[in-house]
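Descriptive structure summary
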Amino acid sequence: MNEQFVKPEVPEIEEKYTKRYFQKRRRNIRQELEAIEANHVVNGGTADLVSNLLTRKHAFELLEAQHMTTISKKVNFASAHFLPEHPGKCRNLHGHEWTVEVAIEAPATKSGMVMDFGTLKQILNTYVVEKLDHAFLNMLVVNPTAENLAMYIWNILQYEAELKLIKYIRLWESPNSMVELTEEQMQYATRGMWDWEV
């Protein structure tokens, strides 16, 4: 691993910044806006009501801008493997040009970004590409199917890179063959299936 690599700080989602929080806040603001508009019509309108209405609408627009956002980055690596449980040609040693896409979901930070694309690329290059490029995957994963390799990559990012905001991982072994792991599926992943001393 690159000794000069400094692990970037990954933004954590505070409890108040969950999807449910934003849904509730948007619903409350809509109700307040409707009440203000109704009052404004009934009373003929005043400067204070108009100012309050405009302030509320501005706040609503800002809140809408802070919704959960998903970003993703793709990287490529080449590696060899064989599938001991496969009934066909894949039992033999062969290689693939792999593409892995990792998506992160979170509210935008004060910078307006979920995470800098360059930071995400650096993490993927350090923890995925450097480990798997031109590697013999059977030395890392007992049965290195695309499905198991995707879980292996997730565990590396989750536990070694401490990337906690993963929404999904997609792994292509060819342009037409892809496996996807979602956040919900990842919750059931265990570390016991893989050799971590690599």
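The following paragraphs examine the structure supplied in this document. (Residues numbered from 1 in each chain as written. Predicted model: local features only at pLDDT ≥ 70, side-chain atom pairs only at ≥ 80, totals over all residues. Heavy atoms only, no water.)

On to the packing of helix H3 (residues 117-132) against helix H4 (residues 146-160), then. A pair of packed helices is captured by two measures, namely the crossing angle of their axes and the spacing between those axes. Relative to each other, H3 and H4 sit at 135°, their axes nearing to 11 Å. With respect to H4, the element H3 is oriented oblique. Relative to H4, H3 is oriented so that their crossing is right-handed. Where H3 approaches H4, its residues Ile-123, Leu-124, Tyr-127, Val-128, Lys-131 and Leu-132 are matched on the opposing element by Leu-149, Tyr-152, Ile-153, Ile-156, Leu-157 and Glu-160. For the contact of H3 with H4, the class distribution of residues is 10 nonpolar, no polar and 2 charged. (Axes fitted to C-alpha atoms, helices over the stretch in contact; angles between N-to-C directions. Helix = DSSP H or I, 4+ residues; strand = E, 2+ residues; numbered from the N terminus. Parallel < 35°, antiparallel > 145°, perpendicular 65-115°, else oblique. Left-handed = near helix turned anticlockwise from the far one by under 90°. Contact = heavy atoms within 4.5 Å. Nonpolar A, V, L, I, M, F, W, Y, C, P; charged D, E, K, R; others polar.)

Of note, Pro-175 is situated in the loop between strand E3 (166-174) and strand E4 (177-182). Overall, Pro-175 belongs to the exposed group, its relative accessible area being 78%. As for Pro-175 and Glu-97, which are separated by 78 residues in sequence, their C-alpha atoms are 9.2 Å apart. (Buried < 20%, exposed > 50% of the residue type's maximum accessible area, 1.4 Å probe, protein only.)

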